[in-house]
Amino acid sequence: MASFDLIELSLDPLDVTPTLEDEFTSTVVKNEIENLDDIKNLKFENEDKLAYVTQTTLSVDDTKEIIDALKKKFPHIKSSPKEDICYATTNRQNAIKDYAHECDSFIVVGSKNSSNSNRLVEVAKKSGCDLSVLLENASNLNIDNYKNHQTIGLSSGASVPDILVQDVISKFREAFEINVKEVGAGEENISFKLPRGI
């Protein structure tokens, strides 16, 4: 069995090693990367036997920057043939990038402990909507903060139940006359193999 040094792009303690082992039928040695500075200190005996895998909820833009830096430093590095950033995360980030600049404010429904949801708030701010916030549920929504806003963006973390988003919409509907326009940036129709042993 071949052996790879694995570089894992990760902010959360998720074990994505089985994904790479399945794709390359390899044993791996893990090195976690969270930012560009971490790449400077990476050294390997055999730079032809390197691979990387990404943790699912990282920002698409941040991940691309790190991957580009890895490829520059290690031209022969391999990746998993599959996208490791989940499609729900990618689609939400892309939709927010496309529409956040048109919004007076932006709400992301999700837990404060969710890196995915926090990342969506960051994307909304970087995309031109400074008044972007994380909201755990409708009971935490202060409607008065939005009475002078014409366009309010609304999204949610990838694993947030739709009922929580609908509750936020209902609370706005109780206070204002609103029109809901659904927008998106891609379909979520992919499935992934379970890691070995599950």
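This text goes with the structure placed above it.
Thresholds applied
- Residue positions are given per chain, counted from 1 along the sequence in the order it is written.
- Two thresholds apply to this predicted model, a pLDDT of at least 70 for residue-level local features and 80 or more for giving and counting side-chain atom pairs, whereas whole-chain, interface and lining totals are computed over all residues.
- The basis for every side-chain value is the complete set of heavy atoms in the structure, and neither hydrogens nor water enter the calculation.
- Side-chain atoms within 4.5 Å link the members of a nonpolar core, which is a set of buried Ala, Val, Leu, Ile, Met, Phe, Trp, Tyr and Cys residues.
- Exposed residues in this analysis have more than 50% of their type's maximum accessible area, buried residues have under 20%, and partly exposed residues fall in between, with area computed by a 1.4 Å probe over protein chains only.
- Only runs of H or I of at least four residues qualify as helices and only runs of E of at least two qualify as strands under DSSP, and these elements are numbered from the N terminus.
- Contact between two residues is taken to exist if any of their heavy atoms lie within 4.5 Å; hydrogens are not considered.
- For two strands to pair, DSSP has to find at least two bridges joining them.
- Fitting a line to C-alpha atoms yields each axis, with helices limited to the stretch in contact; the angle taken between N-to-C directions then spans 0 to 180 degrees.
- In this scheme, a helix's expected span is set at 1.5 Å multiplied by one less than its residue total.
- Between 30 and 60 degrees the pair is tilted, below 30 it is stacked and above 60 it is edge-to-face, where a pair is any two Phe, Tyr or Trp rings, Trp via its six-membered ring, whose centres lie within 6.5 Å.
- By convention a crossover is right-handed if, when the strands point away from the viewer, the path from the first strand over the helix to the second runs clockwise.
- Salt bridge criterion: a side-chain nitrogen from Lys or Arg within 4 Å of a carboxyl oxygen from Asp or Glu.

Moving on: the nonpolar core. By size, the foremost hydrophobic cluster in this structure holds 12 residues: Ile107, Val109, Leu135, Ala138, Leu141, Ile143, Tyr146, Val160, Val165, Val168, Ile169 and Phe172. For this core, the secondary structure elements donating two or more residues are strand 5 (105–109) and helix 6 (162–175). Looking at this core element by element, the count peaks at 4 residues for helix 6. Look past the residues within four positions of Val168 in its chain and what remains in contact with it is Val109, Leu135, Ala138, Leu141 and Leu154. Core analysis: the second largest hydrophobic core is formed by 11 residues, Ile39, Phe44, Leu70 and Phe74 among them.

Moving on: the sheet that holds strand 7 (residues 152–156). Spatially, 3 strands are ordered 6-5-7 in an open sheet, and the strand pairing comes out parallel. Among the strands making up the open sheet, the edge pair consists of strand 6 (132–135) and strand 7. Averaged over all adjacent pairs, the angle separating strand axes in this sheet is 20°, with direction ignored. In the packing of helix 5 (residues 115–126) onto the sheet, contacts are made with strand 5, strand 6 and strand 7, and the angle to strand 6 comes to roughly 165°.

For the rest of this paragraph, the subject is helix 5. Here helix 5 contains 12 residues, and its C-alpha end-to-end distance of 16 Å stays within 8% of the 16 Å for a straight helix at 1.5 Å per residue. For helix 5, the set of buried residues is Ser115, Asn116, Ser117, Arg119, Leu120, Val121, Val123 and Ala124. Phi for Gly128, located one or two positions after helix 5, is positive at around 115°.

Our focus in this paragraph is the packing of aromatic side chains. If you walk through the whole model with that rule in mind, you get 2 aromatic pairs. On the basis of an interplanar angle of 80° and a centroid distance of 5.5 Å, the ring pair of Tyr146 and Phe172 is categorised as edge-to-face. Within this pair, whereas Tyr146 is found in the loop between strand 6 and strand 7, its partner Phe172 is found in helix 6, the two being separated by 26 residues in sequence. In this structure an aromatic cluster arises from ring pairing among Tyr146, Phe172 and Phe176.

Next up on the list: the pairing of strand 6. As judged from the 4 bridges shared by strand 5 and strand 6, these two strands associate in the parallel manner. Directly across from Phe106, in strand 6, lies its bridge partner Ser132. At this point the chain moves from strand 5, through helix 5, to the parallel strand 6, and the crossover so formed is right-handed.

Here we come to the environment of Leu135. Looking at the secondary structure, you find Leu135 in strand 6. As for Leu135 and Val168, which are separated by 33 residues in sequence, their C-alpha atoms are 9.3 Å apart. When residues no more than four places from it in sequence are discounted, the contact partners of Leu135 are Ile107, Val108, Val109, Gly110, Asn140, Leu141 and Val168.

Right, let's talk about the pairing of strand 5 for a bit. Among the 5 residues of strand 5, 5 are classified as buried, and the element is accordingly described as predominantly covered. In strand 5, alternate side chains face the same way, and those of Ser105, Ile107 and Val109 on one face and Phe106 and Val108 on the other are all buried. The sheet contact formed by strand 5 and strand 7 spans 5 bridges and is parallel. Within the sheet, the bridge partner assigned to Phe106 lies in strand 7 and is Gly153.

What the rule picks out here adds up to 2 salt bridges. With a shortest N-O distance of 3.3 Å, Asp37 and Lys40 are connected by a salt bridge. Remark: Lys40 and Asp37 occur in helix 2 (residues 36–40); sequence separation between them is 3 residues, near one turn of the helix. For Lys40, a relative accessible area of 60% gives the class exposed. The closest approach of N and O atoms between Glu122 and Arg119, which form a salt bridge, is 3.4 Å. One end of the pair, Glu122, and the other, Arg119, are both in helix 5, 3 residues apart, so they sit about a helical turn from each other.

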